[in-house]
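# Examination of the molecular architecture
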Amino acid sequence: MQVCLHLGAHRCATSSFQEYLRQNAAELEGNGIGVWGPRHTRKGLFHGVLPVSSFHSKKAQAKRAQGRLRMKLDSHRARGIQQLLISDENVIGSARANLYQAELYGDVGDRMTRFFAAFDGAITSIALNIRSLEAYWASVISCAVARGISVPQASHLQRLAEARRSWRDVITDIACAMPEVEIKVLPFETFGGRPETQLSLLTGKETPKTHARVRLNSALRLEDLRRHMAPMAARDLPAGEGRWRPFASGQTALLRENYADDLMWLVAGADGLAQLVQDPEHKVAGVNLPQTDETRGTPDDKKDRRLAGSG
């Protein structure tokens, strides 16, 4: 059984993708595809993979988690599941921790090492969604403020803009923690609103089109944020309506440049660590360009250039 661990990340239409999987779970299972979403993974399934305060030692917690996962995987194999997709963005950390630390999933290497051990070699591929950094951080900030976090100060925004850690570092840490596991990277800008295409590329199978345009947990617009916040706190928001863009133009340029470097690295092969998944509907030119008519002008040139007569 092939096991794909879909890591999200946060603010990359992950919740919408998971809802699409949940709504189509019965049809997918009939096609040999099993799905574990947050409703499965956050009910104790991963308990002990990351050690918590307990009477049991860290080693004992990890061993129990490994046994629990092995039993669950065996039950799916017995049911004839050929491919299992596990989707939970919290595996790699939390968006709130990223915001506090002004760093992109700084402990992802340690976390993935523990999950790799817990699955005991069962994971065959990793799927990671990435997003342009200025849009990612803006979405994270918007959601955090809607949940009661203070509006970030200018100094904190500058720290985010100047942070050296980018998606390339996240991918490298995952690859080091999970050797020999294929890593597929899917940009939000290409696959964010197309869960059926994303699933098809991850499984290699035809996927259902139903429930493919459900959108969950979108970042709130400025006018909606004001309604969710206390009047005093809302004063820190900028004036106007529409999408909140917290970064200044120079900060936005820095973040976009870092993301462009990440994409260039991925296009160049990512040092053999990961594969950038291409849009199947985007046609690229082949080795030999198509032949075109190289004759200058048109056959009726002479006829068209005559001026109207006087009569």
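Please refer to the structure higher up on the page.
Residues numbered from 1 in each chain as written. Predicted model: local features only at pLDDT ≥ 70, side-chain atom pairs only at ≥ 80, totals over all residues. Heavy atoms only, no water.

### Considering the overall build of the protein
- Scanning the protein from N- to C-terminus turns up 15 helices and six strands.
- Projected onto the principal axes, the alpha-carbon positions of the protein cover approximately 105 × 55 × 35 Å.
- Counting all 311 residues of the protein, 45% fall into the buried class.
- For the protein, contacts bridging at least 24 residues in sequence account for 78% of all contacts bridging at least 6.
- By element, 50% of the accessible surface of the protein is carried by carbon and sulfur atoms, the whole surface being about 17,700 Å².
- Here the protein holds 42 positive side-chain charges and 34 negative ones, and the gap between their average locations is 6 Å. (Helix = DSSP H or I, 4+ residues; strand = E, 2+ residues; numbered from the N terminus. Buried < 20%, exposed > 50% of the residue type's maximum accessible area, 1.4 Å probe, protein only. Contact = heavy atoms within 4.5 Å. Areas by Shrake-Rupley, 256 points an atom, 1.4 Å probe, with all protein chains shown as cover. Lys, Arg positive; Asp, Glu negative; His and termini not counted. Charge placed at Lys NZ, Arg CZ, Asp CG, Glu CD.)

### Examining the sheet that holds strand β5 (residues 182-187)
- In spatial order, the strands read β2-β3-β1-β4-β5-β6; together these six strands make up an open sheet with parallel pairing. The open sheet has two edge strands, β2 (33-36) and β6 (275-276), and neither has a second partner.
- Sheet analysis places strand β1 (residues 2-6) next to strand β3 (residues 83-87), joined by five bridges and oriented parallel. In the sheet register, L5 faces β3, and the bridge partner there is I86. (Pairing = 2+ DSSP bridges.)

### Some points on the packing of aromatic side chains
- Scanning the model with the defined rule gives five aromatic pairs in all.
- Relative to F119, the ring of F46 has its centre 6.2 Å away and its plane inclined at 70°; by these criteria the two rings are edge-to-face. Here F119 lies in the loop between α6 (108-118) and β4 (125-130) and F46 lies in the loop between α3 (38-45) and α4 (58-78), a separation of 73 residues in the sequence.
- For F46, a relative accessible area of 12% corresponds to the buried category.
- Ring geometry for Y136 versus W137: centroids 5.2 Å apart, planes at 75°, classification edge-to-face. Each member of the pair, Y136 as well as W137, is classed as buried.
- Three or more aromatic residues link up through ring pairs in this structure, and these residues are Y105, Y136, W137 and W167.
- A cation over an aromatic ring shows up here: R131 above the ring of F188, its NZ or CZ 4.1 Å from the ring centre. (Phe/Tyr/Trp six-rings, centres within 6.5 Å; stacked < 30°, edge-to-face > 60°. Lys NZ or Arg CZ within 6 Å of the ring centre and 35° of its normal.)

### Digging into the pairing of β5
- By the criterion of burial, β5 is predominantly enclosed, with five of the six residues buried.
- The sheet contact formed by β5 and β6 spans two bridges and is parallel. Along β6, the bridge assignment pairs K184 with Q275.

### What about the pattern of salt bridges?
- Summed over all chains, the structure comprises 15 salt bridges.
- D120 is the partner of R70 in a salt bridge, and the nearest nitrogen-oxygen pair spans 3.4 Å. With a gap of 50 residues between them, R70 in helix α4 and D120 in the loop between α6 and β4 connect regions that are remote in the sequence.
- R70 sits in the partly exposed class, given a relative accessible area of 38%.
- Each of the salt bridges in this network shares a partner with another, and the network as a whole consists of R42, D88 and E89. (Salt bridge = Lys/Arg side-chain N within 4 Å of Asp/Glu carboxyl O.)

### A short note on the nonpolar core
- With 66 residues, the main nonpolar core has M112, F119, I126 and W167 as its most contacted residues.
- If you tally residues by element for this core, the top one is helix α7 (residues 133-146), at seven residues.
- Each residue touching I126, except ones within four places of it in the same chain, is listed here: L5, L7, M112, I174, M178, V181, E182, I183 and K184.
- Membership of the second largest hydrophobic core comes to 15 residues, among which are L28, V35, L85 and L186. (Core = buried A, V, L, I, M, F, W, Y, C linked by side-chain atoms within 4.5 Å.)

### A word on the packing of helix α1 (residues 14-23) against helix α11 (residues 195-203)
- Put simply, α1 and α11 touch, their axes get as near as 10 Å, and they point 75° apart. In terms of orientation, α1 lies roughly perpendicular with respect to α11. In this structure, α1 uses F17, Y20 and L21 to contact α11, whose residues at the interface are P195, E196, Q198 and L199.
- Its residues placed into classes, the contact of α1 with α11 shows five nonpolar, one polar and one charged. (Axes fitted to C-alpha atoms, helices over the stretch in contact; angles between N-to-C directions. Parallel < 35°, antiparallel > 145°, perpendicular 65-115°, else oblique. Nonpolar A, V, L, I, M, F, W, Y, C, P; charged D, E, K, R; others polar.)

### A closer look at the side chain of S132
- On the secondary structure map, S132 appears in the loop between β4 and α7.
- Ignoring sequence-local partners within four residues, the contact set of S132 consists of E189, R256 and Y259.

### Remarks on unusual backbone geometry
- Of note in the backbone geometry, R11 takes a positive phi value of approximately 60° without being a glycine.
- Along the polypeptide, R11 turns up in the loop between β1 and α1.
- When its relative accessible area of 18% is taken as the criterion, R11 is described as buried.
- Of note, E180 is a non-glycine position whose phi angle comes to about 70°, a positive value.
- The topology assignment puts E180 in the loop between α9 (167-177) and β5.

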